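Here is what each chain is made of, one letter per residue.
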Amino acid sequence: MDPHYHPQTVESEAQEYWEDNRSFHVTEDPEREKFYCLSMFPYPSGRLHMGHVRNYTIGDVISRYQRMCGRNVLQPMGWDAFGLPAENAAMKNKVAPARWTRENIDYMRGQLRQLGFAYDWRREIATCDPDYYRWEQWFFTRLLEKDLVYRRESTVNWDPVDQTVLANEQVIDGRGWRSGALVEKRRIPQWFVRITAYAEELLQGLDDLPGWPAQVKTMQRNWIGRSRGVLIRFPRTDAGEALEIFTTRPDTLMGVTYMALAAQHPLVEALADGNSELAAFVDECNRGSTAEADMAVMEKKGLPLGIRVRHPVTDEEIPVWVANFVLMEYGTGAVMSVPAHDQRDWEFARAHGLPVRQVIAPAAGDRAVDLETEAFTEAGVLVNSGPFDGLASDEAFDAIATHLAAKNLGEVQVNFRLRDWGVSRQRYWGAPIPVLHDGSGSPRAVPAGDLPVTLPEDVHYEGGANPLHGMPAFLDGGTDEQGRPLRRETDTFDTFMESSWYYARFACPDADRMLDGRANYWLPVDQYIGGIEHAILHLLYARFFHRLMRDEGLVETDEPFTNLLTQGMVLKDGAKMSKSKGNTVDPQELIEQYGADTVRLFMMFAAPPEQTLEWSDSGVEGAHRFLRRLWKLVATSETGQPGETDWAGLALSAAATALRRKTHQTIDKVSDDVSRRYTFNTAIAAVMELCNEVSRFEPADAGDTAVLREALESVVLLLSPITPHICHRLWFELGHARAVIDQDWPRADSAAMRETEIRLAVQVNGKVRAQLEVAADAPEEDIRAAALADENVQRFVAGRTPKKIILVPRKLVNIVVA
Ligand code: ANZ
């Protein structure tokens, strides 16, 4: 065996072996337990970054481990191929997004292969392939039929430079996150999927996901934002329709001093017509951010509208204002303002000289708040509230709700913060939304037989606009029954649509329908792995889509992902590794310099998967040195030939017994770390320790050789999910005919693990006078007797009768003499 480790040859040989033997091709096998391990698929941006390498190594280690445990393991890979960066690159480099994307995919696929990930490449999906998105288009038309999608005008954040609609999260300080352009508000017709119809179920479902991090479930709960409150109608003093508001604090009803409406509220829009001051204010609001976090901190601005409503209990007249802190998208777009008990209302009242009326007093023992400096927002006991005085807040909730219901002025309502999912994007590089316009304003679905609506890929960019607008062949959707021309929709889907069901398509990537029966064999995903940045939107949309597919009869389960692991970020010098910070390390260079196994080993050794990983060049070198030592250890060890060992029939030396114990303790620890705790770093540390023991061991007889072989074979087996290439080769070097990839995971032998002998120090009057070897289960009496029988101990005891013998279990015996 070559005494030197040459990672490049070792790795390409292992990869060739897996390829030739189709090692990672899997099919459904009802006889075997399945394990579906999925890492979030990448956007094909050009090259892999360290975050990808970390994510995919974690998934690969889990997959390979599960396979060695006998499971039928599916680990697929694909490409989240639509999206904005391809268009930006197209504009910059004058290359069509399709070509740019496919070239990137080819390059990155090569990188993934070089890293030795155990993917079934026959299942590769690129979401920009019509064979993929056609089923998404079909599914959309099904949802349209079921009234689970609809089209309506809505206000969007418009980025005038990127020519696109932005999500609230993409608006930073009023500017587009990519372009930096000042964001405008626009109202345009948009397609929505009715995720709110599933809000309650999506919330409840979180309780049935013990395999998800608590933090992610909390984020989803907050995002769904269920709140129980009362819808209250305040009659107008003039002839107009009553003003409806939603409040979670009906107990504060007697403290209302004004009403506040969103700038986009229909009543405000009506009044602004012919009122230039108001119209200007509305304009100003429309330019600002609608993100809630921004709303809470911005300066509270508003104007009185000159209309009044009546208090539903007292009939008192209340002024109505327009205010910039009220969101049109939540509740009814109007609030009853209680400045004494709501901080935003308090700030607004202060700024505009409106009264503050306390109606809630702190409950006994609670801290009081000075209403001159801030609102008192806790629950408490009602005061200044007429018939409701003295009630606790929760009692008042019910009493006031009942009172209002009796007058037909209100009813209890559950509200969700979650909004319907807007899936229209005014972009070219996405899956075309399969509808046709006949000019009547009620678009129709493209018939199933005409799908897919294929996105033309040979396009030319003129500025930032959607090139589809200049392509008559695409726009022409034929004619309707009466011969009127139909025009194709040019909006494309939000790319979250594609990533909401790719995990299911991997089960049957060649099916001639959206999903076939194979999906039910593989789903749900047993282990999903990805970044915490997807904790909310992607995971929520996928959970939603899974239920839509369930209700279409395509899958049988409720949830798509049983266990979720959110890997930590890769940092360098304490900062997130990212292009924009210019602190990236290119995985490619490392692979070329040290080999994939070194990169994989470093990634798994440097930190547990959920924690951040601090990049360290010396850590990479350390990982490489370890692999070189391991190679040499196998090359120079005398291990005989593989075969069954009859351990019971072998009399082992003390050193061999100790090494064998270490081997089995290591197997035990690594199995637990890898299967249950996912702490690959401590697993690796344990294997390294075992290697140290092995290198100190000098075999003298046949028993020793057998123990040495067992130790080295265990090292190779335990490391094989982490550094599969070197282990592939070393396993053959150890004389095996079958590849390590097809071996079973080793089992710890509890008899071998048990300590048979322990060493104790023996002291006489506190000074160590001897070392004692006793059986681990020796009774105390025997230990005392053995200590006293020791020659050197007898010399110091010198015939005296011990006053006391103190025994510290497994450590020492102290003999006290006068
Ligand atoms: C009166 C009140 C008094 C309120 C009080 C709070 C405290 P959650 O819990 O998130 O559902 N609200 C309702 N619609 C709003 C909108 N469109 N824009 C801004 N704020 C709105 O929040 C419900 C509370 O948020 C409601 O209860 C309302 O203020 C406000 F001492 O009504 B509350």
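Look up a bit, the structure's there.
Predicted model, so just to flag it, every value in this text is computed and none were measured.

Thresholds applied
- Residues numbered from 1 in each chain as written.
- Predicted model: local features only at pLDDT ≥ 70, side-chain atom pairs only at ≥ 80, totals over all residues.
- Heavy atoms only, no water.
- 1 Å grid on protein atoms, 1.4 Å probe; cavity = no way out; pocket = protein on both sides within 12 Å on 5 of 7 lines; lining within 4 Å.
- Points joined across faces, edges and corners; volume = space filled by probe spheres on them.
- Helix = DSSP H or I, 4+ residues; strand = E, 2+ residues; numbered from the N terminus.
- Nonpolar A, V, L, I, M, F, W, Y, C, P; charged D, E, K, R; others polar.
- Expected span 1.5 Å × (residues − 1).
- Buried < 20%, exposed > 50% of the residue type's maximum accessible area, 1.4 Å probe, protein only.
- Arc of directions from axis to C-beta.
- Contact = heavy atoms within 4.5 Å.
- Near = heavy atom within 4 Å.
- Polar contact = N/O pair within 3.5 Å; in protein donor to acceptor, adjacent residues only side chain to side chain.
- Areas by Shrake-Rupley, 256 points an atom, 1.4 Å probe, with all protein chains shown as cover.
- Pairing = 2+ DSSP bridges.
- Axes fitted to C-alpha atoms, helices over the stretch in contact; angles between N-to-C directions.
- Salt bridge = Lys/Arg side-chain N within 4 Å of Asp/Glu carboxyl O.

Q: Help me out: how do you make sense of empty space enclosed by the protein in this one?
A: Gaps left between atoms show up when a probe the size of a water molecule is rolled over them. A complete count under the given rule lists one cavity of 30 Å³ or more for this structure. Considering only enclosed or pocket space, the largest cavity measures out at about 60 Å³ in volume. As for the largest cavity, its lining consists of Trp18, Arg64, Met68, Ser720, Pro721, Pro724, His728, Val740 and Ile741. Of all elements in the fold, only helix H2 (50-68) and helix H23 (724-733) reach the threshold of two or more residues within the lining of the largest cavity. By residue class, the composition of the lining of the largest cavity is six nonpolar, two polar and one charged.

Q: How should I be thinking about helix H4 (residues 97-114) in this particular structure?
A: The periodicity of an α-helix, 3.6 residues per turn, causes residues three or four places apart in sequence to face the same way. End to end, H4 covers 26 Å across 18 residues, agreeing with the expected 26 Å (1.5 Å per residue, within 8%). Within H4, the full set of buried residues consists of Pro97, Ala98, Trp100, Thr101, Asn104, Ile105, Met108, Arg109, Gln111 and Leu112. Take H4 and look down its axis: the buried residues cluster within an arc of 160°, on one side only. Structurally, H4 contributes buried residues whose contacts are with H2, strand E3 (78-79), helix H3 (84-93), strand E4 (125-126) and helix H17 (587-594). Residue Gly116 follows H4 closely and has a positive phi angle near 75°.

Q: Sorry, what's going on with the site of the ligand here?
A: The local shell around the ligand holds 18 residues, among which Ser227, Thr247, Leu327, Tyr330 and Arg417 are the closest. Contacts to the ligand include Thr248, whose backbone N or O atom sits 3.1 Å from an oxygen atom. Within the contact set of the ligand, an oxygen atom lies 2.4 Å away from a side-chain nitrogen or oxygen of Tyr330. Contact with the protein chains removes 87% of the 640 Å² of surface that the ligand exposes when unbound.

Q: How do you make sense of the sheet that holds strand E12 (residues 258-261) when you look at a structure like this?
A: If you trace the four strands from one edge of the open sheet to the other, you get E13-E14-E12-E15, paired in mixed fashion. Each edge of the open sheet is held by one strand with a lone partner, namely strand E13 (302-310) and strand E15 (334-337). Between one strand axis and the next, the sheet turns through 30° on average, direction left out of account. Bridge count for E12 against E15 is four bridges, and the pairing is antiparallel. In the strand pairing of E15, Tyr258 is matched with Ser337. Contacting E13 and strand E14 (317-323), helix H9 (residues 276-287) crosses the sheet at an angle of about 110° to E13. Across the face of the sheet, helix H11 (residues 343-352) comes into contact with E12, E13, E14 and E15 while running at roughly 100° to E14.

Q: Looking at this structure, how should I read the pattern of salt bridges?
A: Here the idea is simple: oppositely charged side chains can pair when their charged atoms come close. Tallying each qualifying case throughout the model produces 58 salt bridges. Ionic pairing is found between Asp106 and Arg109, a salt bridge with its closest N-O pair at 3.0 Å. Within this pair, Asp106 and its partner Arg109 are both found in helix H4, separated by three residues, close to a single helical turn. Across the pair Asp558 and Arg550 runs a salt bridge whose closest N-O atoms are separated by 2.8 Å. Residue Asp558 is classed as partly exposed on the basis of its relative accessible area, which comes to 40%.

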